[in-house]
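# Coordinate analysis (summary)
The chain contents come next:
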Amino acid sequence: MFIGILYLFLTFAICFILVHLIKLAYIGLITLKKKPEPPKTEKPAPKPEKKPEPQPVYYIVEKKRSRKSTYSAPQEIEFKK
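Read on for an overview of the structure. Source: prediction; values computed, not measured.

Across its full length, the protein chain carries 1 helix and 0 strands. Overall size of the protein chain, expressed as C-alpha extent along the three principal axes, is 80 × 70 × 15 Å. Looking at the protein chain residue by residue over its 81 residues, the buried ones come to 0%. For the protein chain, the accessible area works out to roughly 10400 Å², and carbon and sulfur atoms hold 65% of it. Each charge class in the protein chain can be summarised by its mean position, and for the 16 positive and 7 negative side chains these summaries are 4 Å apart.

Conventions we followed
- Residues numbered from 1 in each chain as written.
- Predicted model: local features only at pLDDT ≥ 70, side-chain atom pairs only at ≥ 80, totals over all residues.
- Heavy atoms only, no water.
- Helix = DSSP H or I, 4+ residues; strand = E, 2+ residues; numbered from the N terminus.
- Buried < 20%, exposed > 50% of the residue type's maximum accessible area, 1.4 Å probe, protein only.
- Areas by Shrake-Rupley, 256 points an atom, 1.4 Å probe, with all protein chains shown as cover.
- Lys, Arg positive; Asp, Glu negative; His and termini not counted.
- Charge placed at Lys NZ, Arg CZ, Asp CG, Glu CD.

Function cannot be inferred from these measures alone, as they are strictly geometric.
Structure, rendered in structure tokens:
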């Protein structure tokens, strides 16, 4: 009985460690593949551009449905036995 629990725990621990090692290796590969950023050169200040006039905003409004003024008579429901 004890040996079965020990094997179960060892299997879980080994799988847990393997999964995390694979994840860390994958993250490491991704960071190695990233291209280094080119050095930034100072650009001359851009000329101020004319701001376009704001476009009008249109709202969609849904009409609320009114409640029924009259309801049908209540119906009796019968269940079969």
